[in-house]
Amino acid sequence: GQILVGTRTGVLICDTNLHSSRVLVSWHHDYTRVGAARALFADRTGTVWVGTERNGVGFIAPGSSRVTWLRGRAWTSRPNTNTVSFIGGLDSSTVVIGADGGIAIANIASKMPAWHDVPRTQGLPYDRISVSAITPISSTMVLVGTEFGLFKGPLGGPYTLVANHDSNAIRPNIDIVRSIVVDDRTAIVATWGGGIRFINLDSFSERVVDTRHGLPNQTIYAAYPIAKDIIAFSSNAGIGLLNRRNNTMMRQLTPHHGAQSYEFNSWSHLLHDNGTLYLGGVNGVNLLRYPQLLCPPPPRLHLACDTSAQGAISVRVGAIALSNTDSVQFRYMVDGRDTAWSFASGPELLLTSLPVGTHALRIQAQYRGGSFSQPLLTTITIRPPFWMSWWFLTTVAVGGSAFVWAAAAAVSRRRAAQRYEAERLLQAERLRIARDLHDDVGTGLAKIVMLAESENLLRSPVSRMVIADTARDVVERVRSIVWVMKASRTQLSHTIGYACDGIADALADHSITLLADINVEHDHTLNVAQMRNMVLSMKEAAANIIRHSKATSVRMKVVTTPHSVTIEISDDGVGFDTTMQGNGSGLSNLAERMQEVGGTLKMTSDSATGTRLTFMISIA
């Protein structure tokens, strides 16, 4: 009546319907050493054997809630046995264990293993071959699935490689095996990248079903026969039902139909004796029953609200579904008012324009594409609204006049205030643009004029280069100002992206590498002043690095919080003495820009580590 579920950090114990679960053991504090639970097996004594990703084999005694790891020379002397991917019962007193470094046969009572080499073919250079499945096919022979092929032979070896005879397969060789199930003298092999292989155990001829036959994906984690000629499988495209007689897909189940995700997990599958199939994946476990999968019964409905109200009414319907309720669709009709069904994709049904009185409501539900359930019938009572009373109408008439007068006065005052504020903001924006043009563009143009008017300087190649660099700098500043004013997107990520593109191009022109670490977890909406000052400050910092730092690389780091953004720009240049007062105004401009938008500027510099500028802007 219970199943075990292995996770990345422990083992759960659940009821067979997956209605409830509890943690049997947990090693979340020790996950780095232990790794995920890859294999689980409950022997006849009630002891649970656990195979892990990094810590070998452990067992959980009946009634215990902790793992005892199997140690001792017999378990630890053999290399590459800490990664265990398979544990199964060989008989009532023996378990067989598949690890990267071999196959162990252990007694349930003594727990002492006898190790055998993993299957290998001649010329295979690897000493770590993960054993993913071991399945008996006769009293003396087993099939062994590994990440380097499928092998057959006696349990202790030697093994021979099962060769492929389906020359039309998309992937001709079986290499990575994920599960093996024997049904009616046929081995059903799920492979990573090679589809599903059907191997006749008498002739060992092989038939491959892959995407040529409609499989949604080549990577199959598990394939089980769940009815005559019907194979259920998990893949990297959800769950599928395959008719193996004619190699046709019957149904594909994705997260839209209730699958835990598109991707499932290796080693995570179990077929219960009652025909229930469990498939585990990256977001949980799916329980599958064949008849319901092929033809799901309609959901059952129940009401979850009071259907007596005034005016519009919201009716919430609960759907008792076999899978994710996102796959359920609703329709409803009010008798005597509606002539056609109304549809809703969610359980919230909003009914409007219902007159005062009692109405009959019919509600049905279906899985998308399936049949509708029997109607759920309920009555809706619309009570007379309070505003139809005489005292309310009198109060409204008297109070309405006063309200209209007060509202008109308030609107007049608000419009006057809005006009004043708009004029103030417009004037402030004009002053900011004038300052930017004067400080950034005007200074550059004046420098160009000075150099152009000097004949001696104009003949100098250096002066011509300075004029060209200054002109490019002026053009870039004008572009930045225009971009900010015309930008249709005011998100922080868009502003950072624009600034980074410009900085990267400028640095690349001077053979300086930009290393960007941008984490815009909170994509704030910026105003024009924040966008402009942020872009111009970042580009000014890059320009200072190009002019003065002699750096070879620049690191930029952007970190956001719910209420701020921090931009850190650092170089590996020569640095400078921050106590000396320079002639330029670049750093003071940066500080003023940050102060204007409620931000701060911090700077550190020395010859050993270069210069670091940190801009921090608070976001209201």
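Refer to the structure above for everything that follows.
Residues numbered from 1 in each chain as written. Predicted model: local features only at pLDDT ≥ 70, side-chain atom pairs only at ≥ 80, totals over all residues. Heavy atoms only, no water.

Participant: So what's going on with the sheet that holds strand 25 (residues 277–281)? Which residues, and what values?
Facilitator: A sheet is described by the order of its strands in space; here three strands give the open sequence 24-25-26, paired in antiparallel fashion. At either end of the open sheet lies a strand with only one pairing partner, and these are strand 24 (264–271) and strand 26 (284–288). Averaged over all pairs of adjacent strands, the angle between their axes in this sheet comes to 20°, without regard to strand direction. Sheet topology note: the strand 25/strand 26 ladder contains five bridges and is antiparallel. Counterpart to Gly281 in the pairing with strand 26 is Gly284. (Pairing = 2+ DSSP bridges. Helix = DSSP H or I, 4+ residues; strand = E, 2+ residues; numbered from the N terminus. Axes fitted to C-alpha atoms, helices over the stretch in contact; angles between N-to-C directions.)

Participant: Let's hear about the packing of aromatic side chains: which residues, and what values?
Facilitator: Scanning all chains against the criterion turns up four aromatic pairs. Taking 6.0 Å as the distance between ring centres and 65° as the angle between the ring planes, the aromatic pair formed by Trp27 and Trp69 counts as edge-to-face. Pair noted here: Trp27 is in the loop between strand 3 (21–26) and helix 1 (31–34) and Trp69 is in strand 7 (residues 68–69), with a separation of 42 residues, a long-range link. When the ring of Phe343 is compared with that of Phe372, the centres are 6.5 Å apart and the planes differ by 55°; the resulting orientation is tilted. Here the residue Phe343 occupies a position in strand 31 (residues 342–344), and Phe372 occupies one in the loop between strand 33 (357–367) and strand 34 (376–382), the gap between them amounting to 29 residues. (Phe/Tyr/Trp six-rings, centres within 6.5 Å; stacked < 30°, edge-to-face > 60°.)

Participant: Just give me the short version of the pairing of strand 13 (residues 142–146), but keep the residues and values in it.
Facilitator: Most of strand 13 sits out of view: five of its five residues are buried. Across the two faces of strand 13 the burial is the same, with Val142, Val144 and Thr146 and Leu143 and Gly145 all buried. Bridging between strand 12 (residues 131–136) and strand 13 involves five bridges; their strand directions are antiparallel. Across the sheet, the residue bridging to Val131 is Thr146, located in strand 13. Counting the residues in the hairpin turn of strand 12 and strand 13 gives five residues. In this antiparallel pair of consecutive strands, strand 13 and strand 14 (residues 149–153), the connection spans two residues. (Buried < 20%, exposed > 50% of the residue type's maximum accessible area, 1.4 Å probe, protein only.)

It is worth stressing that arrangement in space is one thing and function is another; only the former is reported here.
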